[in-house]
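Residues per chain, in single letters:
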Amino acid sequence: MTTRKIILFESRAARARSLERVLESLADVVAVPSLSGAARQALDDPEAAILVAVVGPLDEPAARLLSGLKKARPDLSIIAGTRPSDFLTAVEMISAGGLDGAFSPDDVPGAFTAVRSEIQKKDLEERRLSASRTLRRLKVERARSDEQRRELEEIYETTLENLMTAMDIRDIETFGHSQTVAKYAEALARRLGDRDDGKLENLRKGALLHDIGKIAIPDAILNKPGPLSPEEWDKVRLHPTLGYGLIREIKLVPEIGNIILYHHERYDGTGYPHGLAGGEIPREARIFAVADALDAITAHRPYRKPRDMAAARKEILRNSGTHFDPRAVDAFCSIDLGEWEKIRFETTKQIPFTEDFFRLFRKVKK
Ligand SMILES: [Fe+2]
Ligand SMILES: [Fe+2]
């Protein structure tokens, strides 16, 4: 709260002292022996908040002086001690805004009450002003933080894209896999009734990042041409947990983390890392598992020939209820194979110069 002073004018010394004593409990009091001196003091001192002036008769000169002072310093409260016979004039002045209160010259409690209520009014006003200042500041801060959030989102998107590129470049055999499974997963989710753009976007991001943990798996294992040893498999099986740990720090939405962490869980509980079963596996991870398998079966791999969509459908159907959630499999089967072909064609053609890239990559890796 601001420091406030009460400027006091009372020509009778004994009265002035007793008024001063009483008013001191409310704020600092500066007693001035003349009315004009008190007015000047009130005008000059920015801490002067209230003028208590015992004018006696509220005659023309006194009224003019007080009204003039009020005009010059509208924030100053002026309380006049005046004769009861002048109360009507005082009330008129209060109505006109030239005065804030009046009391009988000998009514010390009346003066105290009037000053106290002025101080309360000022406190309230100050609180209101400070609240509205805080509100304005908050609005500005919110606008600023909205702006920062947008910037962060942009950085986050770029980081995401870079992480995926890093992963795709590293794992040559699955180059483009994440883009394709993201589209497959979206098609499945839409068939299962998902319409929420935010949710679909999270599913897409989760799909794009699902194998991000493979960044931590040594090259010798990840790109090993022959079959993996049991110890090597143990390491590969860590990639969902590693990936989850990696992105958890960026505080991603849960759906994205769920796909990364649970995309190798199986519907019958025989998957990893936690061996969750059925509905324990988050829905987005169950949907994603079908999309992931579809691309794994149909995509080109150097160690085996790609199988066509019809073979993929057979394989996925065969694993309905064991590996996959039957509802996700039903959704998959209800979409024409031609549609899946189309999605596959659309996403793989977006990857530029795939063959050139592969050649270049192999050269670097040699
Ligand atoms: Fe994986
Ligand atoms: Fe995958």
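Quantities reported herein were computed from a predicted structural model and do not represent experimental measurements.

Quick look at the coordination of the iron ion (ligand 1) now. In an ideal tetrahedron of four donors about a metal, each angle is 109.5 degrees. In an ideal octahedron of six donors, the angles are 90 or 180 degrees. Protein coordination at the iron ion (ligand 1): the donors are D211 (OD), H239 (NE2), H263 (NE2) and H264 (NE2), at 2.0 to 2.2 Å from the metal. Each of the four donor atoms around the iron ion (ligand 1) contributes to a set of angles spanning 83 to 174°, which defines the coordination as irregular. Separation of the iron ion (ligand 1) from the iron ion (ligand 2) amounts to 4.6 Å.

What follows covers the nonpolar core. The biggest cluster of nonpolar side chains holds 40 residues, and the ones touching the most others in it are L188, L209, V290, L294, I316 and W340. Looking at this core, the elements that each hand over two or more residues are α5 (108–170), α6 (177–191), α7 (197–209), α11 (254–262), α12 (283–298), α13 (309–318), α14 (326–333) and α15 (337–350). Among the elements that make up this core, the one with the highest residue count is α12 (eight residues). With residues near it in sequence (within four places) discarded, I316 still touches V290, L294, I297, F324, V329 and F332. Counting 22 residues, the second-largest nonpolar core is a separate cluster that includes A38, A53, A62 and M93.

Looking now at the sheet that holds strand β5 (residues 101–103). In space, the five strands of this open sheet follow the order β2-β1-β3-β4-β5, with parallel pairing throughout. The open sheet has two free edges, formed respectively by β2 (28–31) and β5, since each of these has just one partner strand. Each strand axis lies, on average, 20° off the axis of its neighbour in the sheet, ignoring direction. Of the pairings in the sheet, the one linking strand β1 (residues 5–10) to β2 comprises four bridges and is parallel in character. Its bridge partner lying in β2, L8 is registered against A31. Sheet strands touched by helix α4 (residues 87–96): β4 (77–82) and β5. Its angle to β5, the strand with the most contacts, is close to 165°.

What follows concerns the pattern of salt bridges. According to the stated counting rule, one finds 29 salt bridges in the structure shown. Taking the shortest distance from any N to any O, the salt bridge between D106 and R12 comes out at 3.1 Å. Note that D106 is positioned in the loop between β5 and α5 and R12 in the loop between β1 and α1 (13–23), a separation of 94 residues in sequence. Judged by relative accessible area, which is 47%, D106 ranks as partly exposed. Where R150 meets E147, a salt bridge forms, and the shortest distance between an N and an O atom there is 3.2 Å. One end of the pair, R150, and the other, E147, are both in helix α5, three residues apart, so they sit about a helical turn from each other. Salt bridges sharing common partners tie together E10, R12, R15 and D106.

Within the span of α13, buried status applies to M309, A312 and I316. The buried side chains of α13 occupy one side of the element, clustering within an arc of 55° when seen end-on. Turned more than 90 degrees away from the buried face of α13, the exposed residues are K314 and R318.

Basis of the calculations
Residues numbered from 1 in each chain as written. Chains lettered and ligands numbered in written order. Predicted model: local features only at pLDDT ≥ 70, side-chain atom pairs only at ≥ 80, totals over all residues. Heavy atoms only, no water. Donors = N, O, S within 2.8 Å, 3.2 Å for Na, K, Ca; no water. Tetrahedral: all angles 85-135°; square planar, octahedral: opposite > 155°, others 65-115°. Core = buried A, V, L, I, M, F, W, Y, C linked by side-chain atoms within 4.5 Å. Buried < 20%, exposed > 50% of the residue type's maximum accessible area, 1.4 Å probe, protein only. Helix = DSSP H or I, 4+ residues; strand = E, 2+ residues; numbered from the N terminus. Contact = heavy atoms within 4.5 Å. Pairing = 2+ DSSP bridges. Axes fitted to C-alpha atoms, helices over the stretch in contact; angles between N-to-C directions. Salt bridge = Lys/Arg side-chain N within 4 Å of Asp/Glu carboxyl O. Arc of directions from axis to C-beta.

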